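# Structural overview
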Amino acid sequence: MSKDLTVGNPETVLWKFCLPLFGSIIFQQLYNIADSLVAGKFISENALAAVGNSYEITLIFIAFAFGCNMGCSVVASQLFGAKEFDRLKTAVTTACIFSGVVCIVLMSVGILGCNSLLHLMRTPKEVFSDSKLYLAIYLWGLPFVFFYNIATGIFSALGDSKTPFYFLAISSVSNIAVDILFVKTFCMGVAGVAWATFLCQGASCILALFTVWIKFRKIPCQKHPVLFDTALLKKILIIAIPSILQQSFISIGNILIQSVINGFGASVMAGYSAAVKLNNLVITSFTTIGNGISNYSAQNLGAKKYERLHSGFLAGMKMVWCLCIPFCVLYFFFGNYLLLFFLKKDSGAALLTGKQFLWVLSPFYFIISAKLIADGILRGISAMRQFMAATFTDLILRVILAYLLSGLTNSAVGIWCAWPIGWTLAMALSVFFYHRKYRNYTFFEKSISTP
């Protein structure tokens, strides 16, 4: 069901819109958590390390899919808010064609460069073959990742956050069952984990695209929309390219950090792999709510309702800080028990690594969540230069400090300390940029309303 985000109480509207998005990301993360859980519990510690190691590379490909998602979603939201339905349909087909081309190029690069990427990360010999196998299977399922992201972007643009939630709930639960079936019953090892994800993501992608097609048939048009429009592609790219660069550079930064972590051995790799899955669950939850804020901001920008932007920012802050409290308490005080979902009780070094990671990062979730909400508005109003500046500040600091602090402390704890420092400085920039842009909009609105 489509929903106009430009009317109604902003806080109520955002809670109703973003809660299903939050539920969706929980189920989305179950894909990766299930892979790591099954690998660590039913195969071996090295299998868990291999899946976690490959995951950092898959994030590069996901970055491109996410960028295409955001480019399509923000432009479609603006057109939906402005009630330009003909151009809305053209924007969607344009985004699909562009995404298909990008996907083919990435698959080719990934398949040919798989070995080089794993060597770049200093992947240990004992996990190299499994890392390569998992990555190879993942790459063949990349079209499903791309077009599912486009579909969810379209749903969000139309104010429909419930449909993606239903798809993800079913497919992620199915993924857990197929993971266990392939690994325990068929003894397929890491390949079984990868194929389970491939099949379940494929099914959800096909269903999502079919639902989009049905939904779009019901949207009225004045004339038959064209299939591809260069002007709309440029608008999509203005959002997509910075979003791709943001996520890609974060992924590259994570690969560089992973290479530092890999130098401490397979046990530290396994502990980090388990802990970072828990951390990613939180960060992606904040990011998804930020994406919802982007759709809200884009629709209101298209409708020229600038006064609703700040109300959306305050409502978003309330939402993410409500999430921060239970996650901080759970991870800081009970992280050890959560890590046992992925690791065995006798994995002493790995468990200690995971606990230290969560102890250092979890108190700073209040900081990073504020950044991601401000980023959501910046992206929704197409303030991409400011968005990129704050993101790169975080990334560059984290990579540099990971190398420096790990050397100074001669332990992985130094690497974990790089996260809070980068988050804090980047948050200050994002919030500053948001307030400056909002003042510009309110000044413009007052000036045109003054006789």
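The preceding data block contains the structure.
These lines cover the structure that appears in this document, whether it is placed above or below.

Procedures and definitions
- Residues numbered from 1 in each chain as written.
- Predicted model: local features only at pLDDT ≥ 70, side-chain atom pairs only at ≥ 80, totals over all residues.
- Heavy atoms only, no water.
- Helix = DSSP H or I, 4+ residues; strand = E, 2+ residues; numbered from the N terminus.
- Rg over C-alpha atoms; globule rule 2.2 N^0.38 Å.
- Buried < 20%, exposed > 50% of the residue type's maximum accessible area, 1.4 Å probe, protein only.
- Contact = heavy atoms within 4.5 Å.
- Areas by Shrake-Rupley, 256 points an atom, 1.4 Å probe, with all protein chains shown as cover.
- Lys, Arg positive; Asp, Glu negative; His and termini not counted.
- Charge placed at Lys NZ, Arg CZ, Asp CG, Glu CD.
- Phe/Tyr/Trp six-rings, centres within 6.5 Å; stacked < 30°, edge-to-face > 60°.
- Core = buried A, V, L, I, M, F, W, Y, C linked by side-chain atoms within 4.5 Å.
- 1 Å grid on protein atoms, 1.4 Å probe; cavity = no way out; pocket = protein on both sides within 12 Å on 5 of 7 lines; lining within 4 Å.
- Points joined across faces, edges and corners; volume = space filled by probe spheres on them.
- Nonpolar A, V, L, I, M, F, W, Y, C, P; charged D, E, K, R; others polar.

## Structural notes on the overall build of the protein chain
- When you go through the protein chain residue by residue, the secondary structure sums to 15 helices and zero strands.
- Taking 451 residues into account, the globule formula puts the C-alpha radius of gyration at 22 Å, and the protein chain, at 21 Å, falls close to it.
- Seen through its C-alpha atoms, the protein chain measures out along the principal axes to roughly 70 × 40 × 35 Å.
- Counting across all 451 residues of the protein chain, residues that qualify as buried make up 59%.
- For the protein chain, restricting intrachain contacts to residue pairs at least 6 apart in sequence, the fraction spanning at least 24 positions comes to 86%.
- Of the roughly 18,000 Å² of accessible surface on the protein chain, a fraction of 71% belongs to carbon and sulfur atoms.
- For the protein chain, the distance from the average site of its 33 positive side-chain charges to the average site of its 17 negative ones is 5 Å.

## Regarding the packing of aromatic side chains
- The final tally for this structure, using the stated rule, is 17 aromatic pairs.
- Aromatic side chains phenylalanine 357 and tryptophan 419 sit 5.5 Å apart centroid to centroid with 80° between the ring planes, which places their arrangement in the edge-to-face category. Placement of phenylalanine 357 in helix α11 (residues 348-361) and of tryptophan 419 in helix α15 (residues 418-449) is noted, with a sequence separation of 62 residues between them.
- Here a set of aromatic residues connected by ring pairs shows up, and it is made of Phe286, Phe327, Tyr331, Tyr365 and Trp423.

## What to know about the nonpolar core
- Membership of the largest hydrophobic core comes to 87 residues, with the highest contact counts inside it found for Phe286, Tyr331, Phe357, Tyr365, Ile415, Trp416 and Trp419.
- Among the elements that make up this core, the one with the highest residue count is helix α9 (residues 266-302) (17 residues).
- Setting aside residues up to four positions removed in sequence, tryptophan 416 forms contacts with Ile261, Tyr272, Thr353, Gln356, Phe357, Val360 and Leu361.
- Membership of the second largest hydrophobic core comes to 49 residues, among which are Phe80, Ala95, Leu118 and Phe146.

## Considering the environment of asparagine 280
- Following the sequence through the fold, asparagine 280 ends up in helix α9.
- Residues asparagine 280 and alanine 298 lie 18 residues apart in sequence; the distance between their C-alpha atoms is 26 Å.

## Here's the deal with the layout of surface pockets
- By volume, the largest pocket is sized at about 270 Å³.
- Lys89, Val92, Thr93, Trp213 and Phe216 are, among the 15 residues lining the largest pocket, the residues nearest its centre.
- Of all the elements in the fold, those that place two or more residues in the lining of the largest pocket are α3 (85-120), α5 (142-157) and α7 (190-217).
- Ranked by the residues each element gives to the lining of the largest pocket, the list is headed by α7, at five residues.
- Considered class by class, the residues forming the lining of the largest pocket number 11 nonpolar, two polar and two charged.

## Remarks on unusual backbone geometry
- Phi is positive for cysteine 187, close to 55°, though the residue is something other than glycine.
- Position of cysteine 187 relative to the elements: it lies in the loop between α6 (162-185) and α7.
- Of the residues examined, cysteine 187 reaches a relative accessible area of 62% and is grouped as exposed.

## With respect to the environment of proline 10
- Tracing the chain through its elements places proline 10 in helix α1 (residues 10-43).
- The class for proline 10 is buried, based on a relative accessible area of 13%.
- Taking the C-alpha atoms as reference points, proline 10 and glycine 312, separated by 302 residues in sequence, lie 5.9 Å from one another.
- What proline 10 contacts, discounting residues up to four positions off in sequence, is Tyr296, Arg308, Ser311 and Gly312.

## Examining the environment of phenylalanine 327
- Note on placement: phenylalanine 327 falls in helix α10 (residues 308-339).
- Other than its neighbours up to four places away in sequence, phenylalanine 327 contacts Leu281, Val282 and Tyr365.

## Notes on empty space enclosed by the protein
- All chains considered together, the criterion is met by two cavities of 30 Å³ or more.
- If you add up the space inside the second largest cavity, you get close to 50 Å³.
- Lining the second largest cavity are Ile137, Tyr138, Gly141, Leu142, Val145, Ala194, Thr197, Phe198 and Gln201.
- Taken together, the elements giving at least two residues each to the lining of the second largest cavity come down to α4 (125-140), α5 and α7.
- No other element matches α7, which puts four residues into the lining of the second largest cavity.
- A per-class count over the lining of the second largest cavity returns six nonpolar, three polar and no charged.

Purely geometric numbers; function is a separate question.
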